[in-house]
Amino acid sequence: MRWENLTVEPAQPAHGRADAALFGADAVTTRTFDTPEFRGITFHEIRARSIINRVPGASRMPFEWTVNPYRGCTHACVYCFARKTHSYLDLDTGIGFDTQIVVKVNAPELLRRQLGSARWQGEHIAMGTNVDCYQRAEGRYGLMPGIIAALRDHANPFSILTKGTLILRDLDLLKQASEVTDVGISVSVGFTDPGLWRTVEPGTPTPERRLDVVRTLGEHGIGCGVLMAPVVPFLSDHPVQLRATVRAIAAAGATSVTPLVLHLRPGAREWFMAWLGQHHPHLVRRYERLYAEGAYAPKWYQRRITRQVHELAREYGIGPTRAGMPRRIRPPEPVLPPAQGTETAEPVQLTLI
């Protein structure tokens, strides 16, 4: 992303002047809002040149294309791997990532134009994989309805991963999209411990509220999986904790559960380790040993957690999603018109994987 020539209107800096070193006075509109939910947050509104992003070939992600209407995230998860992306804009990857939010205000119309291009082949688009597209900023900017509508109108398959409850606002659009293309929804719930949640994911809805989203989507005929991420070593990985989390996920009606152990990439690693030293200093040396080889926990540890979660999932009657499974759901079976005097067909189910 480059800032040059992405003007919305002449800049209106919150503190009297624009920071030319970061954005330039003609590149961004900077706003602050004096409301409780946005106090201390700065929004940088830009006009992006492109909105469909190709995932680097070396990525472990099981998809190739993403759409990210925001950069930075008010969820303020201390482990967020996307923190490093803020450094590309000379923004701080710590508190700056949590409070300096880049908003691609032209995302819906730009996406509609790119989907209509002869060069676009209608491939699966993943959203919420970098920062959450249903973070608090979405409540003010409302970019997702236009994005989903564009995908619906072009019958383009997509998936959404979120920790936000605001996705329920777009239920009708998701149902409409599911009638013409493959749609997958997943909610991220790594643990249910309220004490851990308050410090490690301070800007997110509670795990209980996120599971209510899973439940509500299911009640409206939209199957929803749960990404059980992250499993935090030594803080949420005890068998009793894993059982409690999987039990709650099953009770919410999740169609699948996929565990993912915490990984600490540069940018996130420094911020997380600072948090760990403040809140759990006795664990610092254990983390240094566990992550001595890089961003990922050792394979033996990842396999152990995956095995435990899959066993619990089977016990509670939900099927774990396995790596390598196709992301697009099967085409729906043809639906015959209901016989006179009978109920209409059940709503189409959506899945993430």
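This report concerns the structure included in the present document. Remember, it's a predicted structure, so these values are computed and weren't measured experimentally. (Residues numbered from 1 in each chain as written. Predicted model: local features only at pLDDT ≥ 70, side-chain atom pairs only at ≥ 80, totals over all residues. Heavy atoms only, no water.)

## Focus: helix α10 (residues 268-279)
Here's step 1: If you check α10, its first and last C-alpha atoms are 16 Å apart, about what 12 residues at 1.5 Å a residue would give, namely 16 Å.
Here's step 2: Taken residue by residue, α10 has A268, F272, M273, W275 and L276 as its buried positions. Looking down the long axis of α10, one finds its buried residues gathered within 160 degrees of arc, a one-sided arrangement.
Here's step 3: Contact partners of the buried residues in α10: α7 (194-200) and α11 (284-290). (Helix = DSSP H or I, 4+ residues; strand = E, 2+ residues; numbered from the N terminus. Expected span 1.5 Å × (residues − 1). Buried < 20%, exposed > 50% of the residue type's maximum accessible area, 1.4 Å probe, protein only. Arc of directions from axis to C-beta. Contact = heavy atoms within 4.5 Å.)

## As for the sheet that holds strand β6 (residues 100-104)
Here's step 1: Taken in spatial order, the four strands of this open sheet run β1-β2-β6-β5, and their pairing is mixed. Two strands bound the open sheet, and with one partner strand each, they are β1 (29-32) and β5 (70-71). (Pairing = 2+ DSSP bridges.)

## A closer look at the nonpolar core
Among soluble globular proteins, nonpolar side chains are generally buried collectively.
Here's step 1: The biggest cluster of nonpolar side chains holds 90 residues, and the ones touching the most others in it are L111, I125, M127, I160, F272 and Y287.
Here's step 2: Of all the elements, helix α5 (residues 144-153) adds the most residues to this core, at six residues.
Here's step 3: Setting aside anything within four residues of it in sequence, one finds M127 in contact with V67, C133, M144, I147, L151, F158, S159, I160 and L161. (Core = buried A, V, L, I, M, F, W, Y, C linked by side-chain atoms within 4.5 Å.)

## A few points about the packing of helix α3 (residues 107-115) against α5
Here's step 1: The geometry of α3 relative to α5 is characterised by a closest axis approach of 8 Å and an angle of 15 degrees between their N-to-C directions. When the axes of α3 and α5 are compared, the pair comes out roughly parallel. Where α3 crosses over α5, the two elements pack in a sense that is right-handed. Residue-level inspection shows A107, P108, L111, R112 and L115 of α3 in contact with α5, the latter providing G146, I147, A149, A150, L151 and D153. (Axes fitted to C-alpha atoms, helices over the stretch in contact; angles between N-to-C directions. Parallel < 35°, antiparallel > 145°, perpendicular 65-115°, else oblique. Left-handed = near helix turned anticlockwise from the far one by under 90°.)

## Comments concerning the packing of aromatic side chains
Here's step 1: If you walk through the whole model with that rule in mind, you get eight aromatic pairs.
Here's step 2: Measuring from centroid to centroid gives 5.9 Å for W300 and Y301, while their planes differ by 85 degrees, and the two rings are edge-to-face.
Here's step 3: Residue W300 is classed as exposed on the basis of its relative accessible area, which comes to 53%.
Here's step 4: Overall, Y301 belongs to the buried group, its relative accessible area being 1%.
Here's step 5: One cation-aromatic arrangement involves R286 over F234; the distance from NZ or CZ to the ring centre is 3.8 Å. (Phe/Tyr/Trp six-rings, centres within 6.5 Å; stacked < 30°, edge-to-face > 60°. Lys NZ or Arg CZ within 6 Å of the ring centre and 35° of its normal.)

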